[in-house]
Amino acid sequence: MEERIDVPEAEIAVHWQEEKYYYPPTKFITQANLTDEEVYERFSLDKFPECFNEYAGLLDWYKHWERTLDTADAPFWGWYVGGRINASYNCVDRHLAKNKNKTAIHFVPELESEATQHITYQELYVRVSEFAALLRDFCGLKAGDRATLHMPMVPELPIAMLACARLGVIHSQVFSGFSGRACADRIVDSGSRVLITMDGYYRNGAIQDQKEKADIAAEEAAKGGHSVEKVLIWQRYPGKYLSAKPAVHGRDHIVNDLLKGYRGRRAEPVPMPAEAPLFLMYTSGTTGKPKGCQHSTGGYLAYVAGTSKYIQDIHPEDVYWCMADIGWITGHSYIVYGPLALGASTVIYEGVPTYPDAGRPWRIAEELDVNIFHTSPTAIRALRRAGPDEPNNYDYHFKHMTTVGEPIEPEVWRWYHNVVGKGEAVIVDTWWQTENGGFLCSTVPALGPMKPGSAGPGVPGIHPVIYDEDGNEIPRGSGRAGNICIRNPWPGIFQTIWGDPDRFVAQYYARYCKDQNSKDWRDWPYFAGDGAVQAPDGYYRILGRIDDVINVAGHRLGTKEIESAALTVPEVAEAAVVPVADEIKGKVPDLYVALKPGFEPSPELHKRISDAVVTEISPIARPAHVWIVPDMPKTRSGKIMRRVLAAISSGQEAGDVSTLANPEVVDELRHMVAV
Ligand code: WT7
């Protein structure tokens, strides 16, 4: 196993000062969905798992479940077993009777010259049903099949997701900014025969060619022995084709043309078992291979509906804007499934928050009268830097704001509260992961005071615990950091890693499992992979990943993935990636490479290595620096000392290096990086 870089983070915990509380405004409390102090008692471990029937009760079921939680195949939990449900029906059809004329989706194109689209529930119903009919009858997709989506932030993305869900087809949306090759890996792993994409979209004022990536994805998948039979291409502007790449005969189909043949068609929602997979969401881990997190239909939908109602405080009359990308779990849970299950109006913004200027989000908020806002610390830092006073220029009022994805510095939190929220909004700092489906730690907005930089206690029904390396519980208030785990399963937890159940158990449950043969959930704490410290008041402060994962601008990247990308360059012999602090993005990757004998560093080679990372993964993974080094610092057994490289990149003391096989290289590298 590689050596870990967890020491500095654990130290931060000890020196971190406690922040003072901020209290939710009375105006918020008087209208909140959850003001009942008893909720923690109602969701206590004594009431587990039946407490979660309350969340499932927010949904419409074809058949009521027989058992709330099935532990027979621990730790592969079954939620609401025996129940039948359809996610698309719950997010669309069931709202028609009373709210067909209400806006389901406000779509804001990136170009301000283009009008905002307001898609009603009736229109959503028609578009989802017709596209589902197309997927069923033209593509031959049926329940249990997988379809890969590589869609930008446009309404056709949730339409495609909900059309899949209607048929029980498992969707796997790949973040649009990922490369064609990254998409291919996910197509092959999931075994999708159909790829759904768009010709292009706007980002930072320029058209991005997305279909070009589909060609690469299909070619690369073919090299992996997997055939993509159909590529469905939506047109960003129906009737106009944006891509420079022609449609491949027999494989590519323009959705907008095909849909003409499906006018008036209604694919009925298929009643699915609660435990049927709803979607896959790939994420990074300790190896170079992304993990397909498999989420369930009933448990997932119940959990996101419940947390959207009580933690996001979404009411039917609210205008809710989560500025994340639907290509990440945040967007799946808190742009699409949660808000739509509640019949809310959800905003989808196509582009970059600071395009064309830092006032853009606040103009959108003003125009649509958004009152719930949800974003990441990286976006907050970027907006603060680009326009620290901009929010003052716009007349909008948020009652509620969310921060998610990374630790937020108290200083940044205060700007969010005072300037973006105008001192009027309650803030929830929500800690969770792709694997979790929905929030794990957060204050309940009307109940718990806010503490800048702390996520808060477990949300109702989530019971966290911090263990030390030996499995002892670290008591609250001790000032000691450890590994945060969750004692109990919950409905939103992913079911398995697609195609790799052993890795699922090894990675998430083996660490603190009390008895591998046990069928009792109490023996299987969920291991999150984050360091955390718990204050005397019970609030958790999340310190960051303890594994080989870097959180760049809220995007989760595996160091191994970036290293593998660098190794595709023929001259590269060894590669090591370490995280470096960045003012805006939180962390950025620094890449160290050693060349094979006979090769010399050059600007051209630097560029080629950096570009390889973009080609293999995405521009978001591009290293801040590529350091071509004569040798890597290594242990005598030949392991690269990433801790030493991280210290060099951050200009910190490298600590004791005397046990290295080549201690002299440390000074050489330090000199190189300092210049
Ligand atoms: C990792 C998960 C699901 C949210 C989007 C990211 C970090 C997430 C917080 C927070 C501090 C946070 C953790 C976690 N993280 N939220 N509020 N405070 N850190 O999902 O890509 O699966 O990343 O993001 O390190 O393990 P993800």
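In this report, the structure presented in the accompanying data block is examined. None of these values were measured; they are calculated from a predicted model.

### Some details on the overall build of the protein chain
Okay, so step 1: Looking only at helices and strands, the protein chain features 21 helices and 30 strands.
Okay, so step 2: The C-alpha atoms of the protein chain give 24 Å as radius of gyration, which agrees with the globular expectation for 675 residues (26 Å, within 12%).
Okay, so step 3: Reported as C-alpha extents along the three principal axes, the dimensions of the protein chain are approximately 75 × 60 × 60 Å.
Okay, so step 4: If you take every contact in the protein chain between residues at least 6 apart in sequence, the share linking residues at least 24 apart comes to 72%.
Okay, so step 5: Working note: accessible area of the protein chain is about 24,700 Å², and carbon and sulfur atoms make up 51% of it.
Okay, so step 6: For the protein chain, the centre of its 69 positive side-chain charges and the centre of its 88 negative side-chain charges are spaced 4 Å apart.

### Examining the pairing of strand β8 (residues 194–198)
Okay, so step 1: In terms of residue burial, β8 counts as a mostly covered element, since 5 of its 5 residues are buried.
Okay, so step 2: The side-chain alternation of β8 yields two buried faces, one formed by Val194, Ile196 and Met198 and the other by Leu195 and Thr197.
Okay, so step 3: Note: strand β6 (residues 146–150) against β8, 4 bridges, orientation parallel. Pairing of Thr148 across the sheet is with Leu195, part of β8.
Okay, so step 4: Pairing between β8 and strand β11 (residues 230–234): 5 bridges, direction parallel. The residue bridging Thr197 from the neighbouring strand is Ile233, located in β11.

### As for the site of the ligand
Okay, so step 1: Every one of the 17 residues lining the ligand counts as a neighbour, but Asp429, Thr434, Asp530, Arg545 and Arg556 are closest to it.
Okay, so step 2: Taking Asn551, its side chain carries an N or O atom lying 3.3 Å from an oxygen atom of the ligand.
Okay, so step 3: In isolation the ligand offers 560 Å² of accessible surface; the protein chains occlude 95% of this area.
Okay, so step 4: Mapped onto the shell around the ligand, the elements with two or more residues apiece are α13 (329–341), β20 (426–430) and β25 (540–545).
Okay, so step 5: Broken down by class, the residue content of the shell around the ligand amounts to 6 nonpolar, 6 polar and 5 charged.

### A short note on the packing of helix α15 (residues 377–386) against helix α16 (residues 410–420)
Okay, so step 1: At their nearest, the axes of α15 and α16 sit 10 Å apart, and the two run at 70° to each other. In terms of orientation, α15 lies roughly perpendicular with respect to α16. Note on element contacts: α16 touches α15 through Glu411, Val412, Trp415 and Tyr416, opposite Ile380, Arg381, Leu383 and Arg384.

### Topic: the nonpolar core
Okay, so step 1: Phe52, Tyr80, Leu124, Phe131, Leu135 and Tyr337 are the most contacted members of the largest nonpolar core, which totals 120 residues.
Okay, so step 2: With residues up to four places along the chain from it excluded, the contact list for Leu135 reads Gly140, Leu141, Ala163, Cys164, Leu167, Ile196 and Leu232.
Okay, so step 3: Counting residues in hydrophobic clusters, the runner-up holds 41 residues, among them Ile187, Val228, Ala565 and Ala612.

### Looking at the sheet that holds β6
Okay, so step 1: Pairing within the open sheet is mixed, and its 8 strands lie in the order β12-β11-β8-β6-β7-β14-β15-β23. Each having just a single partner strand, β12 (252–254) and β23 (496–497) make up the two edges of the open sheet.
Okay, so step 2: Direction of pairing for strand β14 (residues 277–283) relative to strand β15 (residues 291–296): antiparallel, over a ladder of 6 bridges. Opposite Tyr282, over in β15, you have Gly292 as the bridge partner.

### Observations concerning the side chain of Asp318
Okay, so step 1: Tracing the backbone through its elements, the reader meets Asp318 in the loop between α12 (298–310) and β16 (319–322).
Okay, so step 2: Residue classification places Asp318 among the buried residues on the basis of a relative accessible area of 4%.
Okay, so step 3: A distance of 2.6 Å separates a polar side-chain atom of Asp318 from the backbone nitrogen of His315.
Okay, so step 4: Within the structure, the side chain of Asp318 is placed 2.8 Å from the side chain of Asn371, a separation counted as a polar contact.
Okay, so step 5: Contact partners of Asp318, with chain neighbours within four places excluded, come to Asp313, Ser345, Asn371, Ile372 and Lys399.

### Some words on helix α10 (residues 211–223)
Okay, so step 1: For α10, spanning 13 residues, the distance from its first C-alpha to its last is 19 Å, which sits close to the expected 18 Å at 1.5 Å a residue.
Okay, so step 2: Within the span of α10, buried status applies to Lys211, Lys213, Ala214, Asp215, Ala217, Ala218 and Ala221.
Okay, so step 3: Phi turns positive one or two residues past the end of α10, at Gly225, with a value near 80°.

### So, empty space enclosed by the protein
To find the voids left in a structure, one rolls a probe of water-molecule size over its atoms.
Okay, so step 1: Inspection of the entire model under this criterion finds 5 cavities of 30 Å³ or more.
Okay, so step 2: Of the volumes computed, that of the largest cavity is approximately 70 Å³.
Okay, so step 3: Looking at the largest cavity, the residues that line it are Trp77, Trp79, Ala274, Glu275, Ser296, Gly299, Pro491, Ile493, Phe494 and Gln495.
Okay, so step 4: A breakdown of the residues in the lining of the largest cavity according to their chemical character gives 6 nonpolar, 3 polar and 1 charged.
Okay, so step 5: Each pocket or cavity is described by its volume, and for the second largest cavity that value is around 50 Å³.
Okay, so step 6: Lining of the second largest cavity is provided by Trp413, Ile427, Asp429, Thr443, Met450, Lys451, Ser454, Ala455 and Tyr539.

### Brief notes about the packing of aromatic side chains
Okay, so step 1: A complete count under the given rule lists 46 aromatic pairs for this structure.
Okay, so step 2: Where Trp432 meets Phe439, the ring centres are 5.8 Å apart and the plane angle is 85°; that geometry is what we call edge-to-face.
Okay, so step 3: By relative accessible area, Phe439 is classed as buried at 0%.
Okay, so step 4: Here a set of aromatic residues connected by ring pairs shows up, and it is made of Phe43, Phe48, Phe52, Tyr55, Trp61, Trp65, Trp79, Tyr80, Tyr303, Tyr310 and Trp521.
Okay, so step 5: A cation over an aromatic ring shows up here: Lys20 above the ring of Tyr22, its NZ or CZ 4.4 Å from the ring centre.
Okay, so step 6: Sitting above the plane of the Tyr237 ring, Arg236 keeps its charged end 4.6 Å from the centroid.

### Focus: the sheet that holds strand β24 (residues 526–534)
Okay, so step 1: Strands sit in the order β21-β22-β24-β25 across an open sheet of 4 strands; the sheet is antiparallel. Strands at the two margins of the open sheet, each flanked by one partner only, are β21 (464–467) and β25. Put simply, the sheet's adjacent strands are angled 45° from each other on average, direction ignored.
Okay, so step 2: Pairing of strand β22 (residues 482–486) with β24 involves 4 bridges; the strand directions are antiparallel. Looking at the pairing, Cys485 lines up with Phe527 of β24.

### A closer look at the side chain of Thr430
Okay, so step 1: Here Thr430 is to be found in strand β20.
Okay, so step 2: Setting aside chain neighbours within four positions, we find Thr430 in contact with Ile311, Thr402, Thr403, Val404, Gly405, Phe439, Cys441 and Ser442.

### Some thoughts on the environment of Leu280
Okay, so step 1: Examined against the element boundaries, Leu280 turns out to sit in strand β14.
Okay, so step 2: Taking the relative accessible area as the measure of exposure, Leu280 reaches 0% and is therefore buried.
Okay, so step 3: Linking Leu280 and Trp498, residues 218 residues apart in sequence, is a C-alpha distance of 7.6 Å.
Okay, so step 4: Excluding residues within four positions of it along the chain, Leu280 makes contact with Arg146, Ile170, His171, Ser172, Gln173, Ser190, Cys293, Gln294 and Trp498.

### Quick look at the pattern of salt bridges
Okay, so step 1: All told, the structure shown has 51 salt bridges when counted by the stated rule.
Okay, so step 2: Salt-bridge contacts for Arg166 lead to Asp93; the nearest nitrogen and oxygen are separated by 2.8 Å. Of this pair, Arg166 sits in helix α8 (residues 156–167) while Asp93 sits in the loop between α5 (87–91) and α6 (96–99), placing them 73 residues apart in sequence. Residue Arg166 shares its accessibility class with Asp93, and that shared class is buried.

Basis of the calculations
- Residues numbered from 1 in each chain as written.
- Predicted model: local features only at pLDDT ≥ 70, side-chain atom pairs only at ≥ 80, totals over all residues.
- Heavy atoms only, no water.
- Helix = DSSP H or I, 4+ residues; strand = E, 2+ residues; numbered from the N terminus.
- Rg over C-alpha atoms; globule rule 2.2 N^0.38 Å.
- Contact = heavy atoms within 4.5 Å.
- Areas by Shrake-Rupley, 256 points an atom, 1.4 Å probe, with all protein chains shown as cover.
- Lys, Arg positive; Asp, Glu negative; His and termini not counted.
- Charge placed at Lys NZ, Arg CZ, Asp CG, Glu CD.
- Buried < 20%, exposed > 50% of the residue type's maximum accessible area, 1.4 Å probe, protein only.
- Pairing = 2+ DSSP bridges.
- Near = heavy atom within 4 Å.
- Polar contact = N/O pair within 3.5 Å; in protein donor to acceptor, adjacent residues only side chain to side chain.
- Nonpolar A, V, L, I, M, F, W, Y, C, P; charged D, E, K, R; others polar.
- Axes fitted to C-alpha atoms, helices over the stretch in contact; angles between N-to-C directions.
- Parallel < 35°, antiparallel > 145°, perpendicular 65-115°, else oblique.
- Core = buried A, V, L, I, M, F, W, Y, C linked by side-chain atoms within 4.5 Å.
- Expected span 1.5 Å × (residues − 1).
- 1 Å grid on protein atoms, 1.4 Å probe; cavity = no way out; pocket = protein on both sides within 12 Å on 5 of 7 lines; lining within 4 Å.
- Points joined across faces, edges and corners; volume = space filled by probe spheres on them.
- Phe/Tyr/Trp six-rings, centres within 6.5 Å; stacked < 30°, edge-to-face > 60°.
- Lys NZ or Arg CZ within 6 Å of the ring centre and 35° of its normal.
- Salt bridge = Lys/Arg side-chain N within 4 Å of Asp/Glu carboxyl O.

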